[in-house]
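Below, each chain spelled out in residue letters.
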Amino acid sequence: MMITELTTKNLLQHMRDDLIKRQPGHRLIARLNALIHAAWKESSEHRVEQVVADWAAEAASEAIDQQEDLLIAYDHISLWEFGVDWIRQHYTPAEETEALIMLAGIIMRTMGNALEGYQTAVGHFAKEQEKATWTATHDQLTGLGNRRGLLEMLPSALARADRAERLLGIMMVDLNDFKPVNDVYGHEAGDFLLERIGKRVHEVMRNSDYAARLGGDEFVMVLESIGDMEDLHTAISRIRRAMEMPVQLTNGISVAVKTSIGVTIYPFDDNAPDKLLRHADQAMYTAKKYKNTTQKVDWRLFHQGEDTTKDKHRKSNQLVKYGQIIPYYQPVVDLKSGTIVGMEALARIQDTRGVIHAPEAFIESLDVKEHQFLATSIISQALFDTLAASEAFKLPLWISANVSPNLIIATNWVESMQAILAGYDIAPARITLEVQENKSFPDIGAARESLEALRAMGIRIALDDVGNGYSSIMRVKNLPIDEIKLDQDFVRGLMERPSGLNFVSALRDLARDMNIGFIAEGVESLEIMDAMAMLDVPKGQGFAIARPMPAADLAAWFTDWKSKIEKRFPAGRTRFGMYAYHNCATKGMRRMIEQRIPVLNHGTIADVTCCPVDIERLGDKELSEAHAVLHRTIGTTAETIADGGRPDWHAAVEAENRFNALLLTR
């Protein structure tokens, strides 16, 4: 090939023709055609650069339209690799350098333009995506969120309220006098009014809050980080005033609208986002119903069936006022020995017909004063009965009672407890107040202060129903407590969900590390009681021990219980109890072995006779052999690790799975 033929056009054309012959479908052919077209289009060689730049701009535009990726730049890298090989095959050494320089110049210019075009495309696409996302979740007229945006943010807002243990208000607003503005001044005036109101709402909302327009003249505000009802009232009043301020229309006429506002409060209204919105909407329509009556208020709080609630509250009030308050007692026993150590006092009320009512019939409808009267009556009677039972049983029993978060922060609750204690010769440490874990304190600071004051008196504080709610560990960390009580629903379901035993074991260890007590409620079968004992849970409470009973029945229960202790203790008498021990013990053993704790003896581990669980007494030969294999396998693994080998638990896990399967299925 003669050097005089070495031009941009000829170089590219020869490369293309050769590529077509050998690989007719190659994607580089299209790029070469575009470059050749640019070379033919210009009459002089020095104009090719401009034409190539024009082509690159067209390619960038195409990339924007088609949202192409980096293939534009990748093609030019491939073109260079192909070109180098092709030039070396078709040009003399003298021509090779000039051809390579020529090809490099073409590729560098076009690839630079292509990358610039790609960056433009990416930026354009990102802006379009951002715009599309904003449009999908915002109201175009007011700039506030829309229904979709609201439903997307609400779950996160509820989760934040849970973590912070704060209230969250959901506020539904309807503009009462908006339609006349539309009818009299036209839709443009109505849109202008909505736009101005939306802007005002945005200006008065805090950064943590969220506002949305659902369409028409309905708005929703989500008010986060509310500390108490006074904070909520202040926020609602501020927003209402902003929405009701007069707006001057473009024609100079001033108009104003009034609002109907409904509010529901999470977690008092503990429901899913769509139901919370529906409840706020119901409260808003109730407010609208009373807007022109003497009962008109600035806003309305949601109540589930307002008339039913009032009636239920009236009946509950009558029950507390005229009924006889009778504590029922459920004993708590030491799970190592079976000895009774204390009792929980549970509220019961006997009406004038002699019917006994459980708390479900009245507790939720009581206000703070009624609840305080009930609680002080229960605790006072319980102290009397506890002292009597302690003397009869020759045991220093303690007593516990449930109190609500609202009662804990009541202004004179601490003084009430001081007055009760003054009337009885009993150590305050024998009194435990149980606070439900799944109930939120309206004011966590006031709650902590009240709990500290009660503990300073010597009274113990227990966190009840741990495992039922969402914030168990945080409450254990943040509240001054002396004891945790494992939720009864969680405990009674352990046989259906044995994996929960690991949670029990972990919570037991946490209680030990924090030097606080630990009680398992819901011990409703011998298997569950045995399992809790085998996990070294200190105390248990539930139907397998005793059902709640009046004080008069305690003596008969105590006699019957003493006759059963030898048959039920020590632990390890049921298959589920054996499973509970092995399930958690092997996990703990594995951690200790991997840490190479020197006190461990792999020979002892391998010896099944050293196991505290007596599998042999079940008389199941296959199960006993599986038990022995499990111990030998763990012992062998321990010896290997102690000698510096890598941990390999495969065989031990297989042995454990087989042993557990036999233990639970026979």
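Numbers given for residues are sequential positions, taken from 1 along each chain in its written order. Only residues with pLDDT of at least 70 get local features here, since the model is predicted, and only at 80 or more are side-chain atom pairs given and counted; chain-wide, interface and lining totals rely on the full set of residues. The basis for the side-chain values is all heavy atoms of the structure; hydrogens and waters are excluded.

Engineer: I'd love a proper account of the side chain of E656, names of residues and values included.
Structural biologist: By definition, any uninterrupted DSSP run of H or I lasting at least four residues is a helix, any uninterrupted run of E lasting at least two residues is a strand, and each is numbered from the N terminus. Mapped onto the fold, E656 is located in helix α24 (residues 650-665). Buried and without a salt bridge, E656 has K587 as its closest oppositely charged side chain, separated by 4.5 Å. Two N or O atoms count as a polar contact when they lie within 3.5 Å, although within protein this holds only if one can serve as hydrogen donor and the other as acceptor, and sequence-adjacent residues are included solely when both atoms are side-chain atoms. Only 2.9 Å separates the side chain of E656 from the side chain of T586, close enough to count as a polar contact. The contact rule is simple, with two residues in contact once any of their heavy atoms fall within 4.5 Å. Contacts of E656, omitting those with residues within four sequence positions, involve H582, N583, T586, K587 and L630. Exposure categories follow from relative accessible area, calculated using a 1.4 Å probe and restricted to protein chains: below 20% of the type maximum is buried, above 50% is exposed, and the middle band is partly exposed. Only four residue types enter the tally: Lys and Arg on the positive side, Asp and Glu on the negative side, with His and both chain ends excluded. Salt bridges are defined by distance alone: a side-chain nitrogen of Lys or Arg within 4 Å of a carboxyl oxygen of Asp or Glu.

Engineer: Tell me about the sheet that holds strand β8 (residues 324-325), and please be specific about residues and values.
Structural biologist: With antiparallel pairing, the 3 strands of this open sheet are ordered in space as β8-β11-β12. The outermost strands of the open sheet, each flanked by one partner alone, are β8 and β12 (356-357). Two strands qualify as a pair provided that DSSP identifies no fewer than 2 bridges between them. Across 2 bridges, strand β11 (residues 349-350) lies against β12 in antiparallel orientation. Within the sheet, the bridge partner assigned to Q350 lies in β12 and is I356.

Engineer: Can you explain the pattern of salt bridges? Please cite residues and give values.
Structural biologist: For the structure on display, the rule yields 22 salt bridges. R508 is the salt-bridge partner of D509, the closest N and O atoms lying 2.9 Å from each other. A relative accessible area of 28% means that D509 is categorised as partly exposed. Overall, the relative accessible area of 13% leaves R508 in the buried class.

Engineer: Account for helix α15 (residues 444-456), naming residues and giving values.
Structural biologist: An ideal rise of 1.5 Å per residue puts 18 Å on 13 residues; α15 measures up with 18 Å between its terminal C-alpha atoms. If you check which residues of α15 are buried, you get I444, A447, S450, L451 and L454. The buried side chains of α15 occupy one side of the element, clustering within an arc of 125 degrees when seen end-on. Opposite the packed face of α15, turned more than 90 degrees from it, sit the exposed residues E449 and A456. On the buried face of α15, the contacting elements are α13 (405-408), α14 (413-422), β14 (431-436) and β15 (460-466). Backbone geometry just after α15 places G458 at a positive phi near 105 degrees. Multiplying 1.5 Å by the residue count of a helix minus one yields the expected span of that helix. In this context, the arc is that of the directions from the helix axis out to the C-beta atoms.

Engineer: Tell me about the sheet that holds strand β3 (residues 218-226), and name the residues and values.
Structural biologist: Backbone hydrogen bonds hold the strands of a sheet together, and the pairing may be parallel or antiparallel. Reading across from one edge, β2-β3-β1-β6-β7 is the order of the 5 strands in this open sheet, with mixed pairing throughout. Each end of this open sheet is capped by a strand with a single partner; those strands are β2 (210-215) and β7 (300-301). As paired strands, strand β1 (residues 167-175) and strand β6 (residues 259-266) are joined by 8 bridges and run antiparallel to one another. The residue bridging L175 from the neighbouring strand is T259, located in β6.

Engineer: Quick rundown of the nonpolar core? Include the residues and the values.
Structural biologist: By nonpolar core we mean a set of buried residues, namely Ala, Val, Leu, Ile, Met, Phe, Trp, Tyr and Cys, connected to one another through side-chain atoms within 4.5 Å. Core analysis: the biggest nonpolar cluster contains 101 residues, and W413, L454 and M532 have the highest contact counts within it. The element that contributes the greatest number of residues to this core is helix α12 (residues 368-393), accounting for 8 residues. Membership of the second largest hydrophobic core comes to 31 residues, among which are F219, L223, V255 and V257.

Engineer: An account of the environment of I593 is needed here, citing residue identities and associated values.
Structural biologist: Tracing the sequence through the fold places I593 in helix α21 (residues 575-594). Each C-alpha atom of the pair I593 and E639 lies 9.0 Å from the other, and the pair is 46 residues apart in sequence.

Engineer: Before we move on, can you summarise the packing of helix α7 (residues 178-185) against helix α8 (residues 187-204) with the specific residues and values?
Structural biologist: Contact pair α7 / α8: the axes reach a minimum separation of 6 Å and the direction vectors enclose 140 degrees. Compared by their axis directions, α7 and α8 come out oblique. Contacts between α7 and α8 involve F178, V181, N182 and Y185 from the former and H187, A189, G190, L193 and L194 from the latter. Each residue is assigned to one class: nonpolar for Ala, Val, Leu, Ile, Met, Phe, Trp, Tyr, Cys and Pro, charged for Asp, Glu, Lys and Arg, and polar for all the others, Gly among them. Residues that form the contact of α7 with α8 fall into these classes: 6 nonpolar, 3 polar and no charged. What counts as an axis is a line fitted to C-alpha atoms, over the stretch in contact for a helix, and the angles between N-to-C directions run from 0 to 180 degrees. By definition in this entry, angles of less than 35 degrees are roughly parallel, angles greater than 145 are roughly antiparallel, angles of 65 to 115 are roughly perpendicular, and the rest are oblique.

Engineer: Lay out the packing of α12 against α14 with the relevant residues and their values.
Structural biologist: Two numbers describe how α12 lies on α14: the axes approach to 10 Å, and their chain directions differ by 25 degrees. It follows that α12 is roughly parallel to α14 by the angle criterion. Viewed along their axes, α12 and α14 form a crossing whose handedness is right-handed. Along its contact with α12, which presents Q372, A375, T376, I379, S380 and L383, the element α14 presents W413, S416, M417 and I420. Broken down by class, the residue content of the contact of α12 with α14 amounts to 6 nonpolar, 4 polar and no charged. Should the near helix be turned anticlockwise from the far one by less than a right angle, the crossing is left-handed, and should it be turned clockwise, the crossing is right-handed.

Engineer: Give me the state of the cysteines: which residues, what numbers.
Structural biologist: Put simply, a disulfide is two cysteine sulfurs that come within 2.5 Å. As enumerated under the stated definition, the model contains 0 disulfides in all. For C610, which is in no disulfide, the shortest distance to another cysteine sulfur is to C611 and amounts to 9.0 Å. You can call C611 buried: its relative accessible area is 12%.

Engineer: Quick rundown of the pairing of strand β16 (residues 483-486)? Include the residues and the values.
Structural biologist: Neither face of β16 is exposed, since E483 and K485 on one face and I484 and L486 on the opposite face are all buried. With 4 bridges connecting them, β16 and strand β17 (residues 517-520) associate as parallel partners. Opposite K485, over in β17, you have I519 as the bridge partner.

Engineer: Lay out unusual backbone geometry in plain terms, naming residues and giving numbers.
Structural biologist: Cis geometry is found at the peptide bond from Y266 to P267, where omega equals 15 degrees. Relative to the assigned elements, P267 resides in the loop between β6 and α10 (273-289). Phi angles above zero are rare outside glycine, and K394 is one such case at about 60 degrees. Inspection of the secondary structure assignment puts K394 in the loop between α12 and β13 (398-403). Unusually for a residue other than glycine, D536 sits at a positive phi of about 65 degrees. Look at D536 and you get partly exposed, because its relative accessible area is 28%.

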